[in-house]
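Architecture at a glance
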Amino acid sequence: MRKSKGIRQSTMNFCILGIFFLIVLMLIGDEFFMTQSISAEQTAETRRAEFKQLGEDLANASDYLTNEAREFAITGNVQHMYNYWKEIDVTRTRNLVIEQLKKNDPSTTEQEFLSNAKKHSDDLTETERRSMRLVLESMGFSQSAITQKEVADYTLTPQDEELSKSEKLEEARAIMFDDSYQQAKDNIMSPIAEFKTVMNERLDKEMKTAQRNTENAAILQMVLSFVVIIAIGVILRLFFRQVTSPIQDYALSLHNSDIKGGTFHLIPKGTQEIRILANNFNVLYDSIQSEVCLRRQAEQTMREAKEEAERANGAKSEFLASMSHEIRTPINAITGYGYMLKSCDLGQKQAEYVDRINLSTKNLLSIVNDILDFTKIEAGKLSLENIPFDLFKVLRDCCTMLEVEALRKGLSLRLDVAEGVPQFVLGDSTRLRQVLLNLLGNAIKFTGQGGVILKAESEVNTADRFRLHFSVIDTGIGVTEEQKSRLFEVFTQGDASTTRKYGGTGLGLAISKQIVDLMGGTIGVESTPGEGSNFQFYVTLKETEAILVESSDTDCSTDSNVIRSRLAKRRVLLVEDNDINREMTSEILLNLDMDVDTASGGEEAVAKAKCNDYEIIFMDIRMPVVDGYEATRRIRAVEKKHTLIAALSADAVEGVKQKVIDAGMDLYLTKPLDPDKIFRAVSQLFPEIELNETATEKKKEENKPASEILDVAKALNSLGSSHATYHRILSKFVNDNRDTAENLRETMKSGDMAKARQIAHDLKGIAGYLGSGMLMEEAAWFIEKIDSGACCSCMPLCNALALTMRESENVYKEMAETAESENLEIDISEPLSIDKLSVMFENGDIEAQMIYRQRHEEIRTLLGGEGMNILDNAVDNIRFDEAATILKRFIAI
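In this text the structure is predicted, and so the values were computed from the model without any measurement.

This paragraph deals with the overall build of the protein. Summing up its helical and strand segments, the protein has 35 helices and 12 strands in all. Here the protein holds 893 residues, and the buried ones make up 42% of them. Put simply, of all contacts in the protein between residues at least 6 apart along the chain, 73% involve residues at least 24 apart. Looking at the protein as shown, the accessible area adds up to about 47600 Å², and 53% of this sits on carbon and sulfur atoms.

Turning next to empty space enclosed by the protein. Counted by the stated rule, this structure contains 3 cavities of 30 Å³ or more. In this structure, the largest cavity is lined by Leu58, Ser62, Arg94, Ile98, Ala117, Lys118, Ser121, Ile188 and Ile192. At the level of secondary structure, the elements contributing two or more residues to the lining of the largest cavity comprise helix 1 (9-75), helix 3 (93-103), helix 4 (108-138) and helix 8 (179-256). Top contributing element to the lining of the largest cavity by residue count: helix 4, with 3 residues. The class makeup of the residues in the lining of the largest cavity is 5 nonpolar, 2 polar and 2 charged.

We now examine a nonpolar patch on the surface. A contiguous nonpolar surface patch, about 380 Å² in accessible area, is contributed by Phe33, Ile219, Leu220, Val223 and Val227. Per-element accounting of the nonpolar patch gives the leading share, 4 residues, to helix 8. Here Ile219 is to be found in helix 8.

Okay, the side chain of Glu128 next. Among the structural elements, Glu128 can be located in helix 4. When sequence neighbours within four positions are dropped, the list of residues in contact with Glu128 reads Leu65, Thr66, Ala69, Tyr84, Met176 and Tyr181.

Taken together, the 5 strands give an open sheet; going across it, the order is 9-8-10-11-12, and neighbouring strands pair in parallel fashion. Both edges of this open sheet fall to strand 9 (595-599) and strand 12 (667-670), since each of them pairs with a single strand only. Ignoring strand direction, the axes of neighbouring strands in this sheet form an average angle of 20°. In this sheet, strand 10 (residues 616-620) lies alongside strand 8 (residues 571-575) in parallel orientation, the contact comprising 4 bridges. Among the inter-strand pairings, Leu573 is bridged to a residue of strand 10, identified as Ile617. Contacts from helix 17 (residues 579-591) reach strand 8, strand 9 and strand 10, with the element oriented near 165° to strand 9.

Along helix 26 (residues 740-750), the residues that are buried comprise Thr740, Ala741, Leu744, Thr747 and Met748. For helix 26, the angular spread of buried residues about the axis comes to 125°, placing them on one side. Exposed residues on helix 26 whose side chains face more than 90 degrees from its buried face are Lys749 and Ser750. Downstream of helix 26 by one or two residues, Gly751 has phi in the positive range, about 85°.

To continue, consider unusual backbone geometry. Glycine aside, a negative phi is what most residues show, and trans is what most peptide bonds show. Even without a glycine there, the phi angle at Arg92 is positive, about 55°. Here Arg92 is to be found in the loop between helix 2 (78-91) and helix 3. The phi torsion at Val625 lies on the positive side, around 65°, for a residue other than glycine. Relative to the helices and strands, Val625 is located in the loop between strand 10 and helix 19 (628-638).

Packing of helix 25 (residues 723-736) against helix 29 (residues 795-814) brings their axes to within 9 Å, and their N-to-C directions diverge by 135°. Judged by the inter-axis angle, helix 25 sits oblique to helix 29. When you trace helix 25 past helix 29, the crossing you get is left-handed. Across the interface between the two elements, Tyr726, His727, Leu730, Ser731, Phe733 and Val734 of helix 25 pack against Leu801, Thr804, Met805, Ser808, Glu809, Val811 and Tyr812 of helix 29. Grouping the amino acids of the contact of helix 25 with helix 29 by side-chain chemistry returns 8 nonpolar, 4 polar and 1 charged.

Let us now look at the pairing of strand 3 (residues 424-427). In terms of strand pairing, strand 1 (residues 387-390) meets strand 3 through 4 bridges, oriented antiparallel. If you follow Asp390 over to strand 3, its bridge partner there is Phe424. Strand direction decides the pairing type here: strand 3 and strand 7 (residues 532-543), joined by 2 bridges, are antiparallel. Across the sheet, Val425 pairs through a bridge with Glu543, a residue of strand 7.

Quick look at the packing of helix 28 (residues 773-788) against helix 29 now. One way to put it is that helix 28 packs onto helix 29 with a least axis distance of 9 Å and a crossing angle of 160°. As the angle between them shows, helix 28 and helix 29 are arranged roughly antiparallel. Here the hand of the crossing between helix 28 and helix 29 comes out left-handed. Together, Met774, Leu775, Glu778, Ala779 and Phe782 of helix 28 and Pro796, Leu797, Ala800, Leu801, Leu803 and Thr804 of helix 29 make up the contact between the two elements. For the contact of helix 28 with helix 29, a count of residues per class yields 9 nonpolar, 1 polar and 1 charged.

Position of Ala607 relative to the elements: it lies in helix 18 (residues 602-611). The spacing of Ala607 and Ile635 is 28 residues in sequence and 8.7 Å in space, taken between C-alpha atoms.

What follows concerns the packing of aromatic side chains. Summed over the entire model, instances satisfying the criterion amount to 2 aromatic pairs. For the ring pair Tyr84 and Trp85, a centre distance of 5.0 Å and an interplane angle of 80° mean the geometry is edge-to-face. Of the two residues, Tyr84 and Trp85, neither departs from the other in class, the shared state being buried. For the pair Phe470 and Phe537, a centre-to-centre distance of 5.1 Å together with 25° between the ring planes defines the contact as stacked.

Right, let's get into helix 29. The end-to-end C-alpha separation of helix 29 is 29 Å, in line with the 28 Å expected for 20 residues at 1.5 Å each. All of the buried residues in helix 29 are Pro796, Leu797, Cys798, Asn799, Ala800, Leu801, Leu803, Thr804, Met805, Glu807, Ser808 and Val811.

Moving on, we come to the state of the cysteines. All told, the structure shown has 0 disulfides when counted by the stated rule. Here Cys398 stays unpaired: no disulfide links it, and the sulfur of Cys399, its closest cysteine neighbor, is 6.9 Å away.

Counting residues in each nonpolar core, the largest one holds 53 residues, and the members touching the most others are Phe733, Leu744, Phe782 and Phe841. It is helix 27 (residues 753-770) that provides the largest number of residues to this core, a total of 9 residues. If we skip the residues at most four places from it in the chain, Leu744 touches Ala756, Ile759, Phe782, Cys794, Leu797 and Cys798. Residues Val394, Val452, Val472 and Phe535 belong to the second largest nonpolar core, which totals 39 residues.

Summed over the entire model, instances satisfying the criterion amount to 20 salt bridges. Notably, a salt bridge pairs Glu171 with Arg130, separated by 3.3 Å at the nearest N-O pair. With Glu171 in helix 7 (residues 165-177) and Arg130 in helix 4, this pair connects stretches of sequence that are 41 residues apart. The partner of Arg133 in a salt bridge is Glu137, with the nearest N and O atoms 3.1 Å apart. Of this pair, Arg133 and Glu137 both sit in helix 4, 4 residues apart, which is roughly one turn of the helix. You can call Arg133 buried: its relative accessible area is 6%.

Conventions adopted
- Residues numbered from 1 in each chain as written.
- Predicted model: local features only at pLDDT ≥ 70, side-chain atom pairs only at ≥ 80, totals over all residues.
- Heavy atoms only, no water.
- Helix = DSSP H or I, 4+ residues; strand = E, 2+ residues; numbered from the N terminus.
- Buried < 20%, exposed > 50% of the residue type's maximum accessible area, 1.4 Å probe, protein only.
- Contact = heavy atoms within 4.5 Å.
- Areas by Shrake-Rupley, 256 points an atom, 1.4 Å probe, with all protein chains shown as cover.
- 1 Å grid on protein atoms, 1.4 Å probe; cavity = no way out; pocket = protein on both sides within 12 Å on 5 of 7 lines; lining within 4 Å.
- Points joined across faces, edges and corners; volume = space filled by probe spheres on them.
- Nonpolar A, V, L, I, M, F, W, Y, C, P; charged D, E, K, R; others polar.
- Patch = residues over 30% accessible without salt bridge, like charges linked within 9 Å, V, L, I, M, F, W, Y side chains within 5 Å.
- Salt bridge = Lys/Arg side-chain N within 4 Å of Asp/Glu carboxyl O.
- Pairing = 2+ DSSP bridges.
- Axes fitted to C-alpha atoms, helices over the stretch in contact; angles between N-to-C directions.
- Arc of directions from axis to C-beta.
- Parallel < 35°, antiparallel > 145°, perpendicular 65-115°, else oblique.
- Left-handed = near helix turned anticlockwise from the far one by under 90°.
- Phe/Tyr/Trp six-rings, centres within 6.5 Å; stacked < 30°, edge-to-face > 60°.
- Expected span 1.5 Å × (residues − 1).
- Disulfide = S-S within 2.5 Å.
- Core = buried A, V, L, I, M, F, W, Y, C linked by side-chain atoms within 4.5 Å.

Written out as structure tokens, the structure is:
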């Protein structure tokens, strides 16, 4: 049987197009005919209205002339006469109407009526002129006194001339109101009325003709609409049979059949093109079926790979948690013992070693945090805050925290904030600070000489949103074009030698890029090898109203002495499976005068909690057998009253904090622990504790023995028992610091944390030579708080300064005679060695100051006078470390 090939799609399209074209032509013709009919009807209506109005205007003009002539005859008011002739000569309503009517092609009959009306109107004008002349003469107007030319030119009959003035007036009025005048008036109005009748009949005929044409056009339009409907029906029928119906059959077949069985085929229908589509589908289906088995195998392989990846990711998370715990546990011990060691009576070198140990510990912790941050970003679990913060403070804090490192390398560190940068914005200040510190830290690390600049600019301001441009510019080693391409990759630095020489994990820039990306910005670098680099990034932040900055007179962190007095004898349980950490944390808590009990595991903690009434339980989380979560749940199940439980965890991965809360704990502390963390925890667990110093405690501090304020013996020992030198240091200290406390308070209020840190740094330097451990400790605490970005008060430092000033004045007076009796001589016969002098300054040797003063001119000659003002200031203010740095830079040159 021969198969039908079906109609071609192009043939069907041509038929549809032809029918459509025909429909369009018919509709256009009908629309034209309808438009013409409506226009004719509207024209006829307009002409009828215009002609009717012209007839009315002609009759009204005739009446107007009659009324004005009569009013003049009755009243004698010449204004009526003037109005009359103004209408005749100027306005000319009658003539204009007649001219307008003639323009509209009136019939012959209509023209005759208009001519008769015009003729009788002219005749009546002569009668009205006679009346006006009689009225004027009755009023005594002479020929020369009559200004209206048409009336003055009129000549009365001899009979009229013989009449008296009163008779002339009476005659004039009689003329205007007698039957002859009325007859003449009717002779005007009658043709006008007949004209209007004939005109209206003609226009009505035109109107009816136009209306019939419009009706015929409407009928034709209805016929065409019917034809269009039929044509559309034909088109739809054709389209349905050749296109829609086959497609529906295909869809129905696909819906009702099991195409997975491998035997399904479409039956070709409709146009040739749709038949080709069905045939191609059948071919494609056959080829796909041959690939199904391979695809299913691939899916199974992918499913197994996904499960394996999920297991690996879970293992990685578990590894990170374990790694975090295992690394943070010894870091916790190092940090705690470092804190306790620093509180001991150490020499200057020993204190410096402890500081370096603490710094190294912080660096190690920073590496761990970088790895954990990267895993959070990689897992998409790093979220950004959107809270108000002081952008200027963040920038200042970043520079302040790295100022010491820059100074140690002899580099300048400068902050440049352009005009227009908003101070208060919405965003994540912590993450922004993390990026800035990373870029600044790298710049200082890879810069040997010169300096580093942190710049902030506002490039685009739309409404209240600012596109901010941050740049960290250094004069360091730079990077090559090849290094730029992989600089922001994970675990990547410029090259292997960079890692060996400068250290680092290669995570910092990768994390910074991810954070900037999360902020919706971009980060990049411009660099010339050997000349320096410019790392820059853009973020868009929204400006907000000024936020409340906490007063500098309020101590935002916790004062250890105050807390110790509030927590004395409070009973606490420390649960820790690591012996070293348990011992170290116990000592910290014991130093707070707390009654400490310990447990080495979860089961022991539950048993002790049942038998004892603890106020706080510090609970380690990761412990063998019974971990901290399970121990907490068991304690909660048996406790008679709510016990405050603070979690101690070395796990800093995502989700631990929530698990702590879900387990019923009150607080979450991450290791490594330091006293400040414990202080803050205590202040949260016991909100009734007031952390600010009370008047009683201030009074107690003021009543400290002088030996606790100034250790004169220790100071003299470090100065080689030189009373004269110590006496001079006391004098300078008292004279230079009379306004320092007030200056520090004002500086804190203004938010200039860099300047405040410098003041504390100067006080710390001279406190060692004074033998004031209290002042040195408070200054060091203040500097540490500023470097960490924590909110702190200057009040403890100001109080320590005041006590030290008072005691220094007393000691200064007591030592006056002894100091005068000494004659300290410095041997200046040996050649001056800048290198040796630098070492003396670096070791804090006070003799270096005396050598510097006595050999000042020699030093100026050697140095060439460059930088002497800065060096003089450093030596005078006993900033020996700064003086050593300046001299080392000279030696390097």
